[in-house]
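Spelled out from the first residue to the last, the chains are:
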Amino acid sequence: QVQLVESGGGLVQAGGSLRLSCAASGRTFSSYAMGWFRQAPGKEREFVAAISWSGGRTYYADSVKGRFTISRDNAKNTVYLQMNSLKPEDTAVYYCAANRGSISVLPTYQYWGQGTQVIVSS
């Protein structure tokens, strides 16, 4: 069982930055691939970024490539999403998720956090 708690969301102006954190419970965090997804009002949940258990591989959605960076610290059981050059279309609830096994861009992860709201004003 893995419990995930996101933090770091908030209100930011376009062009600004935020860093989201996702703290995980459990002693097997380092064996999970981790992902960030987001869901805007009236839209389906979409993939943002993912990182392998070792941190050696990362994937990004085209819409955030070059602006967002996913990283993890297995010693702290935490995964991060650094978001730069934010745009109003990045406004959404951001969720972190844990996947036992390989990295994935699909929302089929086993464990999910409650989400943290990000609002980007124009």
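Our structure's up above, just so we're on the same page.
Keep in mind the model is a prediction, meaning the values are calculated, not measured.

Conventions adopted
- Residues numbered from 1 in each chain as written.
- Predicted model: local features only at pLDDT ≥ 70, side-chain atom pairs only at ≥ 80, totals over all residues.
- Heavy atoms only, no water.
- Helix = DSSP H or I, 4+ residues; strand = E, 2+ residues; numbered from the N terminus.
- Rg over C-alpha atoms; globule rule 2.2 N^0.38 Å.
- Buried < 20%, exposed > 50% of the residue type's maximum accessible area, 1.4 Å probe, protein only.
- Pairing = 2+ DSSP bridges.
- Disulfide = S-S within 2.5 Å.
- Axes fitted to C-alpha atoms, helices over the stretch in contact; angles between N-to-C directions.
- Core = buried A, V, L, I, M, F, W, Y, C linked by side-chain atoms within 4.5 Å.
- Contact = heavy atoms within 4.5 Å.
- Lys, Arg positive; Asp, Glu negative; His and termini not counted.
- Salt bridge = Lys/Arg side-chain N within 4 Å of Asp/Glu carboxyl O.
- Polar contact = N/O pair within 3.5 Å; in protein donor to acceptor, adjacent residues only side chain to side chain.

### Details of the overall build of the protein
Logical step 1: Regarding its fold elements, the protein presents zero helices and 11 strands.
Logical step 2: Along the protein, helices (α) and strands (β) appear in the sequence β-β-β-β-β-β-β-β-β-β-β when read from the amino end.
Logical step 3: The C-alpha atoms of the protein give 13 Å as radius of gyration, which agrees with the globular expectation for 122 residues (14 Å, within 12%).
Logical step 4: Projected onto the principal axes, the alpha-carbon positions of the protein cover approximately 40 × 25 × 25 Å.

### With respect to the pairing of strand 11 (residues 116-121)
Logical step 1: Here strand 11 shows one buried face, formed by T116, V118 and V120, and one open face, formed by Q117, I119 and S121.
Logical step 2: The pairing of strand 2 (residues 10-13) with strand 11 spans four bridges and is classified as parallel. From the neighbouring strand, Q13 faces strand 11, where its bridge partner is S121.
Logical step 3: With three bridges connecting them, strand 9 (residues 92-100) and strand 11 associate as antiparallel partners. Counterpart to Y94 in the pairing with strand 11 is T116.

### Quick look at unusual backbone geometry
A negative phi holds for most residues other than glycine; trans holds for most peptide bonds.
Logical step 1: Even without being glycine, N77 reaches a positive phi, approximately 55°.
Logical step 2: Within the secondary structure layout, N77 lies in the loop between strand 7 (68-73) and strand 8 (78-83).

### As for the state of the cysteines
Logical step 1: In the structure shown here, the tally under the stated rule is one disulfide.
Logical step 2: Note that C22 is cross-linked by a disulfide to C96, the S-S spacing being 1.9 Å. An S-S torsion of about 40° defines the bridge between C22 and C96 as right-handed. Highlighted residues: C22 in strand 3 (residues 18-24) and C96 in strand 9, separated in sequence by 74 residues.

### With respect to the sheet that holds strand 1 (residues 4-7)
Logical step 1: Pairing is antiparallel across the open sheet formed by four strands, whose spatial order is 1-3-8-7. The open sheet has two edge strands, strand 1 and strand 7, and neither has a second partner. In this sheet, adjacent strand axes meet at a mean angle of 15° when their direction is disregarded.
Logical step 2: Two strands pair when backbone bridges link them, and strand 3 and strand 8 are joined in this way by six bridges, in the antiparallel orientation. Pairing of A23 across the sheet is with T78, part of strand 8.

### Considerations on the nonpolar core
Logical step 1: Membership of the largest hydrophobic core comes to 36 residues, with the highest contact counts inside it found for L4, M34, W36, L81, M83 and Y94.
Logical step 2: At the level of secondary structure, the elements contributing two or more residues to this core comprise strand 3, strand 4 (32-39), strand 5 (46-51), strand 7, strand 8, strand 9 and strand 11.
Logical step 3: Leave out the neighbours within four places in its chain, and M83 touches G16, S17, L18, L20, R67, F68, Y94 and V118.

### What about the side chain of E6?
Logical step 1: Relative to the helices and strands, E6 resides in strand 1.
Logical step 2: No salt bridge is formed by the buried E6; its nearest oppositely charged neighbour, R45, is found at 7.6 Å.
Logical step 3: Among the polar contacts made by the side chain of E6, one reaches the main-chain amide nitrogen of C96 at a distance of 2.9 Å.
Logical step 4: Polar contacts involving the side chain of E6 include one to the main-chain amide nitrogen of G115, which spans 2.9 Å.
Logical step 5: Ignoring anything within four residues of it in the chain, the contact list for E6 reads S21, C22, W36, Y94, Y95, C96, G113, Q114, G115 and T116.

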